[in-house]
Amino acid sequence: MNRPHYILLPVSPLFIAFSLTCAFMLNLLPWGHWVGTPDFVALVLVFWGIHQPRKVGIGVAFSMGLLMDVHDATLLGENALAYTLLSYLAIMMHRFVKWFPIATQAMYVFPLLLFAQAVQALVLVIVSGRFPGWLHFVESAVAMALWPVITWLLLAPQRRAVDKDHTRPI
């Protein structure tokens, strides 16, 4: 349990925008309605809500939700509501989740993603009267399994080189 804690470089706002754009592009791929395909935008929003809550907040989540609503041709505001609540919950728990190992962080992220999918399913049931099925919730488990990979990828530009300079104290 003696893993080193590295001081991370500040994150670039351009990298945040790039990661959100890449997540949106992954959601645009035609595999989006297959069973078990995670919502990459939700996963990246949770990541940035936990790691950079002042830079990626509820407004960004709402905007990304509206973009996903237009793409999915769903009820306008369905994804926006789910992403807004997801971002709020991620920001609320950002102070203590970062202290846990990656596997434990994934267990904290799983209920958030499950809640966002439950909100989307509830809106679908209220509006159209049809339930998407229990396999709809497999996406959260797949996203939880992808959490270590997403964390490693999105924190990579912020890591310093190991033993860059032996004369520096930090």
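Right above here is the structure, for reference.
Since we're looking at a predicted model, the values are computed, not measured.

A. A nonpolar patch on the surface, seen in detail. A surface patch of nonpolar side chains, about 390 Å² in accessible area, is lined by Leu26, Leu29, Trp31 and Trp34. Mapped onto the elements of the fold, Leu26 is located in helix α1 (residues 13–28). Judged by its relative accessible area of 32%, Leu26 is partly exposed.

B. Representation of the side chain of Asn27 within the structure. When you line up the elements, Asn27 lands in helix α1. With a relative accessible area of 8%, Asn27 lands in the buried category. In this structure the side chain of Asn27 is engaged in a polar contact, spanning 3.1 Å, whose partner is the backbone nitrogen of Phe40. Excluding residues that lie within four positions of it along the chain, Asn27 makes contacts with Pro38, Asp39, Phe40, Val41, Met68, His71 and Tyr83.

C. Broad picture of helix α4 (residues 78–92). For α4, built from 15 residues, the straight-helix expectation of 21 Å at 1.5 Å per residue is met to within 8% by its first-to-last C-alpha distance of 22 Å. Within α4, the full set of buried residues consists of Glu78, Asn79, Ala80, Ala82, Tyr83, Thr84, Leu86, Ser87 and Ala90. Tucked inside the fold, the buried residues of α4 contact α1, α2 (40–51), α3 (58–72), α5 (94–97) and α6 (102–128).

D. How the structure looks around the nonpolar core. Membership of the largest hydrophobic core comes to 37 residues, with the highest contact counts inside it found for Val41, Leu45, Val46, Trp48, Tyr83, Leu113 and Trp147. Secondary-structure elements contributing two or more residues to this core are α1, α2, α3, α4, α6 and α7 (138–155).

E. Seen up close, α1. With 16 residues, α1 should cover 22 Å at 1.5 Å per step; its first-to-last C-alpha distance of 23 Å lies within 8% of that length. For α1, the set of buried residues is Phe15, Ile16, Ser19, Leu20, Ala23, Phe24 and Asn27. Summarising the contacts, the buried residues of α1 are in contact with α2, α3, α4 and α7.

F. Main features of the packing of aromatic side chains. Counted under the stated rule, the structure contains nine aromatic pairs. For the ring pair Trp134 and Phe137, a centre distance of 5.9 Å and an interplane angle of 40° mean the geometry is tilted. Take Trp134: its relative accessible area is 70%, and that puts it in the exposed class. Under the relative-accessibility criterion, Phe137 is labelled buried at 17%. Ring-pair connections join several aromatic residues into one group, and the members of that group are Phe15, Phe47, Trp48 and Trp147.

G. Layout of the side chain of Asn79. Here Asn79 lies in helix α4. Within polar-contact distance, the side chain of Asn79 engages the side chain of Gln120 at 2.5 Å.

Criteria and thresholds
Residues numbered from 1 in each chain as written. Predicted model: local features only at pLDDT ≥ 70, side-chain atom pairs only at ≥ 80, totals over all residues. Heavy atoms only, no water. Patch = residues over 30% accessible without salt bridge, like charges linked within 9 Å, V, L, I, M, F, W, Y side chains within 5 Å. Areas by Shrake-Rupley, 256 points an atom, 1.4 Å probe, with all protein chains shown as cover. Salt bridge = Lys/Arg side-chain N within 4 Å of Asp/Glu carboxyl O. Helix = DSSP H or I, 4+ residues; strand = E, 2+ residues; numbered from the N terminus. Buried < 20%, exposed > 50% of the residue type's maximum accessible area, 1.4 Å probe, protein only. Polar contact = N/O pair within 3.5 Å; in protein donor to acceptor, adjacent residues only side chain to side chain. Contact = heavy atoms within 4.5 Å. Expected span 1.5 Å × (residues − 1). Core = buried A, V, L, I, M, F, W, Y, C linked by side-chain atoms within 4.5 Å. Phe/Tyr/Trp six-rings, centres within 6.5 Å; stacked < 30°, edge-to-face > 60°.

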